[in-house]
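Structural description and commentary
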Amino acid sequence: MRNCYLSRNYKDINGAGNKAKTDIERIMSESGYVNVGFRQTRYTNTVLAFLVTLASVLKVPLSLKCGDRLVVQYPLKKYFTFVCRMAHLRKAKVIVVIHDLGSFRRKKLTVSQEIKRLNHADYIIAHNVRMKKWLSDNGCRVPLGTLEIFDYLSETKAVPHESVHKPYEVVYAGALNLRKNTFLYEVGAYAHSFRFNLYGNGFELNKAKGKECFNYKGFVRSDELIATVQGDFGLVWDGFSVDACTGDFGEYLKYNNPHKTSLYIRCELPVIIWEQAALAGFVRANGIGICIASLSDLDRVLEALTPEQYMVMKKNVRAVSERLCAGNYIRKALSEAMDVIGV
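Residues numbered from 1 in each chain as written. Predicted model: local features only at pLDDT ≥ 70, side-chain atom pairs only at ≥ 80, totals over all residues. Heavy atoms only, no water.

**Quick look at unusual backbone geometry**
Comment: phi is negative for the bulk of residues other than glycine, and the bulk of peptide bonds are trans. In this chain, Y74 is followed by P75 through a cis amide linkage whose omega measures 10°. On the secondary structure map, P75 appears in the loop between β3 (69-74) and α3 (80-89). A positive phi angle, close to 60°, is found at K91, a residue other than glycine. Overall, K91 belongs to the exposed group, its relative accessible area being 58%. If you check the backbone angles, E148 has positive phi at about 85° while not being a glycine. If you trace the backbone, E148 turns up in the loop between β6 (144-146) and β7 (168-173). (Helix = DSSP H or I, 4+ residues; strand = E, 2+ residues; numbered from the N terminus. Buried < 20%, exposed > 50% of the residue type's maximum accessible area, 1.4 Å probe, protein only.)

This is how it looks when you write it as structure tokens:
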């Protein structure tokens with residue numbers, strides 16, 4: 001009996017999804033898991049990337065042995081059902097780590113199609129208890145566990161900032177285009193006692209309200225961001241409105257674990273998050289930030305925050321950051337999965 005995983009080609013490891021997947025592969029490899037595909041590659045050529053991943057998938061039935069436990073990172077597009085069936089033919093069991101659900105933002109699958117696909121697994125690690133409940137409520141019959149939050153591997157260490165200076169600076173990192181982050185172009189009207197530092201591509205400053213409250217720093221790679229970030233908080237928000245996270249991207253926050261949350265924590269930034277987001281419970285339980293109903297409240301909330309309260313958050317964030325850097329969350333989730341499915 002072996003613990004195994006399937007590696008493949010990853011085009012862009014700077015993207016949040018692939019960074020999370022390659023981190024998990026590395027953690028599994030360091031924990032003694034056996035790669036039953038070909039070695040991980042990072043070809044950017046579309047045809048070459050397709051062929052390498054296909055070859056890795058086709059190697060699975062030749063590599064698995066009876067009693068093996070195979071970890072598959074989802075989605076695996078058209079290959080997922082095939083891999084599960086081949087594993088079962090070899091009398092192996094399949095543990096699935098969910099990264100994204102195609103029936104939410106991208107609408108690539110209907111809910112029933114997605115659940116039917118996922119039911120081929122023997123155990124599923126959902127992002128959090130909200131996603132776990134959604135899967136169960138929609139007909140998932142597979143035993144379910146939770147990750148809590150994505151780990152984030154990096155050799156880079158955040159530069160400690162021990163003093164507190166107001167006005168606070170709020171960091172927002174990621175794609176900054178108007179379509180996905182409409183709220184950014186409205187929130188400046190409510191920013192009086194704090195400022196935004198924006199990291200990413202696509203922000204059109206001339207279209208933003210209260211443009212004087214934005215410091216647009218452009219794209220910075222994640223390792224460099226951890227070492228050089230300027231700010232006091234990291235903001236987790238999405239969608240059209242400052243009053244709630246709306247639209248397909250915003251609604252998804254009720255169920256998923258945004259990878260940028262882990263990046264902020266590795267930057268040792270306390271988190272500001274929508275109170276209805278799935279990760280809001282994690283933020284509260286670990287004392288690592290602020291949960292708010294509306295960004296229009298942020299001015300008042302930050303004004304009332306004392307330096308002592310902020311430094312407690314910073315201390316808690318450092319502790320969680322160490323766990324993320326060690327891969328503790330996926331290790332724990334996989335250990336629980338192995339206990340449930342057995343041999």
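**Observations concerning helix α4 (residues 111-118)**
In an α-helix, one turn spans 3.6 residues; hence positions three or four apart end up facing the same way. Where α4 is concerned, the buried positions are E114, I115 and L118. Down the axis of α4, the buried side of the element spans an arc of 95°, and every buried residue falls inside it. Among the exposed residues of α4, those oriented more than 90 degrees off its buried face are S112 and K116. The inward-facing, buried residues of α4 contact β3, α3, β4 (93-98), β5 (123-126) and α5 (129-137). (Arc of directions from axis to C-beta. Contact = heavy atoms within 4.5 Å.)

**Things to note about the sheet that holds strand β1 (residues 3-5)**
Strand order in the open sheet made by the six strands is β2-β1-β3-β4-β5-β6, with parallel pairing throughout. The sheet is open, and its two edges are formed by β2 (34-35) and β6, each paired on a single side. Taken together, the three bridges between β5 and β6 define a ladder with parallel strand orientation. Note that in β6 the partner of A126 across the bridge is T146. The strands that α3 touches are β3 and β4; relative to β3, the one it contacts most, it runs at about 175°. Sheet strands in contact with helix α12 (residues 328-341) are β1, β3, β4, β5 and β6, and its direction is about 150° off that of β4. (Pairing = 2+ DSSP bridges. Axes fitted to C-alpha atoms, helices over the stretch in contact; angles between N-to-C directions.)

**Quick word on a nonpolar patch on the surface**
A contiguous nonpolar patch, built from V47, F50 and L51 and spanning about 280 Å² of accessible area, is present on the exposed surface. The exposure class assigned to L51 is partly exposed, which follows from its relative accessible area of 44%. (Patch = residues over 30% accessible without salt bridge, like charges linked within 9 Å, V, L, I, M, F, W, Y side chains within 5 Å. Areas by Shrake-Rupley, 256 points an atom, 1.4 Å probe, with all protein chains shown as cover. Salt bridge = Lys/Arg side-chain N within 4 Å of Asp/Glu carboxyl O.)

**Some thoughts on a positive patch on the surface**
Together, K11, K77, K78 and K108 give the surface a local cluster of positive charge. Tracing the backbone shows K11 in the loop between β1 and α1 (16-30). By relative accessible area, which is 39% here, K11 ends up partly exposed. (Lys, Arg positive; Asp, Glu negative; His and termini not counted. Charge placed at Lys NZ, Arg CZ, Asp CG, Glu CD.)

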